[in-house]
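Structure at a glance
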Amino acid sequence: MACGDSKESVDMNSIPLVALNYNVRHRLALYLNPGAVVAADWTQLAEEMGYEYLEIKNFEKFPDSTMKLLEDWQRKCFRATVGGLLELLKKIERNDILTDLTPLIEADCVKYLKKQCTPPPIQDDAVDSSEPCRITKSDDRYGNMPETFDAFICYCAQDISFVQEMISRLEQTQYKLRLCVFDRDVLPGTCLWSITSELIENRCRKMVVIISDDYLDSSECDFQTKFALSLGPGAREKRLIPVKYKPMKKPFPSILRFITVCDYTNPCTKGWFWDRLAKALTK
């Protein structure tokens with residue numbers, strides 16, 4: 001997969017298990033640690049990984065058997081890949097885990113590949129290595145005060161007219177919010193994936209996701225959404241605000257089904273829409 005390719009081209013069998021962060025491993029443990037009569041637990045997973053009886057009994061000594069198992073498998077097995085783990089979970093019929101955790105696992109894979117695609121810095125003796133990198137138009141050229149925002153707006157090009165209305169309603173009114181709109185605020189010539197990651201994680205308090213049929217076809221929007229969801233425990237409740245502004249023909253994205261939506265299409269609540277969204281961005 002090249003930098004910036006869509007999720008369909010991600011070969012998880014080529015991605016090492018180290019790509020999975022603590023959050024995903026902890027969630028796996030929540031599913032697999034408790035022994036259950038009706039569902040396979042970590043011991044069945046260990047058997048499929050090729051561990052013998054005495055090795056499995058040894059893992060029982062640890063408070064978090066699943067976490068220890070993944071750590072050991074990652075260390076000793078050259079075939080320990082994300083794709084391999086997914087295949088084993090499928091083999092022990094834990095489709096519930098695959099359904100719930102695949103979006104987060106995909107996000108970890110995207111982050112891992114992005115890091116692999118980021119070239120090492122080239123040292124130029126004529127340039128001070130501490131020289132700051134300007135990302136947005138209003139960044140301090142000396143790097144003393146990087147520009148920050150109330151919200152990063154995740155949108156596709158086809159929805160730019162609604163983004164422009166959002167600017168007029170939230171920035172140019174009594175709310176006086178600062179929105180990060182990529183096509184307006186980000187300097188051209190910078191690495192798309194690295195810059196959006198920096199903006200979402202460190203420079204924007206929230207992220208507004210403009211949901212539409214076109215959004216579902218955008219690899220950039222897919223990356224931005226999954227990156228925000230993968231930032232850590234509680235990130236999904238604190239950071240993301242999905243906005244639906246027009247009727248959709250395609251199903252609403254399942255990855256956002258657990259977050260309350262700001263619905264601009266509902267005529268009964270449309271009058272409250274902007275005030276409700278503004279307060280969600282400032283709370």
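Reading guide: rules and limits
- Residues numbered from 1 in each chain as written.
- Predicted model: local features only at pLDDT ≥ 70, side-chain atom pairs only at ≥ 80, totals over all residues.
- Heavy atoms only, no water.
- Pairing = 2+ DSSP bridges.
- Helix = DSSP H or I, 4+ residues; strand = E, 2+ residues; numbered from the N terminus.
- Buried < 20%, exposed > 50% of the residue type's maximum accessible area, 1.4 Å probe, protein only.
- Axes fitted to C-alpha atoms, helices over the stretch in contact; angles between N-to-C directions.
- Parallel < 35°, antiparallel > 145°, perpendicular 65-115°, else oblique.
- Contact = heavy atoms within 4.5 Å.
- pLDDT = per-residue confidence, 0-100.
- Arc of directions from axis to C-beta.
- Core = buried A, V, L, I, M, F, W, Y, C linked by side-chain atoms within 4.5 Å.

The parallel open sheet is built from five strands, whose spatial order is β2-β1-β3-β4-β5. At either margin of the open sheet sits one strand with a lone partner, and together these are β2 (179-180) and β5 (262-263). Of the strand pairs in this sheet, strand β4 (residues 240-244) and β5 are connected by two bridges, and their pairing is parallel. Directly across from V243, in β5, lies its bridge partner C262.

A negative phi angle is the norm for most residues apart from glycine, just as the trans form is the norm for most peptide bonds. Its identity is not glycine, yet E93 carries a phi of approximately 65°, on the positive side. Notably, K176 is not glycine yet its phi reads approximately 50°, a positive angle. Mapped onto the elements, K176 comes out in the loop between α7 (160-170) and β2. Looking at K176, the relative accessible area reads 63%, which means it is exposed.

At a closest axis distance of 11 Å, the pairing of α7 and helix α12 (residues 273-282) adopts a crossing angle of 75°. As far as their axial angle goes, α12 and α7 are roughly perpendicular. Within the contact between the two elements, α7 uses F162, E165, M166, R169 and L170 and α12 uses F273, W274, L277, A278 and L281.

Further remarks concern the pairing of strand β3 (residues 204-211). The buried fraction of β3 is high, at seven of eight residues. The pairing of strand β1 (residues 149-154) with β3 spans five bridges and is parallel. Bridging across to β3, C154 finds its partner in V209. With five bridges connecting them, β3 and β4 associate as parallel partners. Across the sheet, V208 pairs through a bridge with I241, a residue of β4.

Before going further, it helps to examine the confidence of the model for the protein chain. For the protein chain, mean pLDDT is 82; residues scoring 70 or higher make up 83% of the total. The lowest-confidence element of the protein chain is helix α11 (residues 235-239), averaging 54 in pLDDT; the highest-confidence one is β2, averaging 96. A low-confidence stretch, residues 122-132 stays under pLDDT 50, and its non-local contacts, those more than four residues away or across chains, total four contacts.

A few words now on the environment of K176. Counting along the chain gives 26 residues from K176 to D150, while the straight-line C-alpha distance between them is 9.9 Å. Those residues in contact with K176 that sit more than four places away from it in its chain are L170 and E171.

What α7 keeps buried is the set F162, V163, M166, I167 and L170. For α7, the buried positions fall inside an angular range of 150° around the axis, keeping them on one side.

Bringing helix α5 (residues 82-91) into the picture now. Of all 10 residues that make up α5, seven are buried, and the element is covered over most of its length. Looking at α5, one finds that the buried residues are V82, G83, G84, L85, L86, L88 and L89. E93 sits one or two positions beyond α5 and adopts a positive phi of about 65°.

Moving on to the nonpolar core. As a rule of thumb, soluble globular proteins bury nonpolar side chains together. Core analysis: the biggest nonpolar cluster contains 60 residues, and L45, M49, V82, L85, L89, I105 and L256 have the highest contact counts within it. A per-element tally of this core places helix α6 (residues 95-117) first, with eight residues. Ignoring sequence-local partners within four residues, the contact set of I105 consists of M12, L20, V24, V82 and L86. If you look at the next biggest cluster of nonpolar residues, it comprises 24 residues, including F162, M166, L177 and W274.

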